[in-house]
Amino acid sequence: MRPQVFSTVASFRKWRQEFLHPSASVGFVATMGALHDGHLSLVKRSLRDNTATIVSIFVNPAQFAPHEDLDSYPRTLASDLDALESVYLPNPYHPQPFAVVPTVLVSPDAVFAPSVNEMYPGGIDQDVASQTGTFVEVKGFDQKMEGQSRPTFFRGVATVVTKLFNIIQPTRAYFGQKDIQQALLLRKLSRDLLMPYPEPQNIHIIPTARDPTDNLALSSRNSYLSANGRRFASALPQALEAARGAWDAGASKAQAIQAALDHVNYRHTEAVRSEGLVDDVKVDYIQFNDPESFDELPNDSTTQKNRTVILSGALWVGKTRLIDNIILGDSSRILNSRPVRWEAMLAEGISPSSEYNPATGLRNGELY
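The structure displayed is predicted, hence computed values, not measured ones.

Calculation criteria
- Residues numbered from 1 in each chain as written.
- Predicted model: local features only at pLDDT ≥ 70, side-chain atom pairs only at ≥ 80, totals over all residues.
- Heavy atoms only, no water.
- Core = buried A, V, L, I, M, F, W, Y, C linked by side-chain atoms within 4.5 Å.
- Buried < 20%, exposed > 50% of the residue type's maximum accessible area, 1.4 Å probe, protein only.
- Helix = DSSP H or I, 4+ residues; strand = E, 2+ residues; numbered from the N terminus.
- Contact = heavy atoms within 4.5 Å.
- pLDDT = per-residue confidence, 0-100.

Chemist: What is the right way to read the nonpolar core from this model?
Modeler: For soluble globular proteins, the rule of thumb is that nonpolar side chains tend to be buried together. With 45 residues, the main nonpolar core has Phe 12 and Phe 112 as its most contacted residues. Breaking this core down by element, the ones donating at least two residues are α1 (9–19), β2 (26–31), β3 (52–57), β6 (110–112), α6 (153–168), β7 (172–176), α7 (180–192) and β8 (203–206). Among the elements that make up this core, the one with the highest residue count is α6 (10 residues). Contact partners of Phe 112, with chain neighbours within four places excluded, come to Phe 6, Ser 7, Thr 8, Val 9, Phe 12, Val 55, Ser 56, Ile 57, Met 119, Leu 164, Ile 167 and Ile 168. Trp 247, Leu 297, Leu 315 and Leu 322 belong to the second largest nonpolar core, which has 28 residues in total.

And the structure:
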């Protein structure tokens, strides 16, 4: 069934008040559209975890600097709605829950797709110096990591997500690991502003969805790549794996970063020689950061037991900027890899091996 589409705050709030029970759990997935399997993996998790699921589709001008790709960013509402209408989940009624389970068709309950004027009634200028009105910043954190390359990006993200949380009032919100700093900043924002919808522990970070052929992180911007550029793009996840391998083998941070850079240089040389790659290639950064402070680790740092680190990178291929990351150490300190029901079962002392159906994320025979 096609989800209902709302373009105004008033119409969405009216629907929410009339059709959602006060005790219903509401899952929320914020997107800018141009949906791919990475977005849909977040939607599926929300559908498994919650009574109702809401998806927003809004290309937020406040998170684009004046020189960035706001005008060319893909806007594909019709095909996005088709994708959301065609979400399949494993069937929890199947009598053999550990076998290959038939699927059932489900979809989000609603899509919130507002205009720019609806979200910024006072107007919005991409130039921060010219902006007037109310904006949200997470001071001391939004200028690190990605913020060094995109200094106004997180201001725009924090502002629009605060607005969306106020409109949707979700029980849980779902974000992808690919944008790890964004998701962690939103947890800090929810905590610092004492938000009830959602509370910080209910902002779920889901592992990155990747192309199964070459491990490239799925992104709407991958569509910008030329054919040769797309083949080369896998150099980024490979470079991060090279850095991880060096780090795990006892190399220092500086040595691990060099291993990543060496891999990119090798792939570039080979792509130019064998495929005639003409796209310019430039590493923006490869870095190791603390997940709490976002501070860079010292260059002489080495792996330590019980330490969690974010290894991230950004790579320009032609005019397309790609980002990716790997969590070193205990990723469960950051990611929500398991459905909410499984976590609840573990808390109850129930063994997922006997009660939990890994194909559905549900207790055997349980409705979703």
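Chemist: Looking at this structure, how should I read unusual backbone geometry?
Modeler: Residues apart from glycine generally show negative phi values, whereas peptide bonds are mostly found in trans. Cis geometry is adopted by the peptide bond preceding Pro 198, which originates at Tyr 197 and carries an omega value of -5°. Note on placement: Pro 198 falls in the loop between α7 and β8. The phi dihedral of Gln 169 falls on the positive side, at around 50°, and the residue is not glycine. Here Gln 169 is to be found in the loop between α6 and β7. Although it is not a glycine, Phe 294 sits at a positive phi angle of roughly 65°.

Chemist: I tried to follow the confidence of the model for the protein chain on my own but got confused; where do I start?
Modeler: Detailed conclusions should not be drawn from predicted coordinates in areas where pLDDT is low. Per-residue pLDDT for the protein chain has a mean of 90; in total, 89% of the residues score no lower than 70. A low-confidence stretch, residues 352–368 (pLDDT under 50), is modelled with 57 contacts involving residues beyond four sequence positions or located in other chains.

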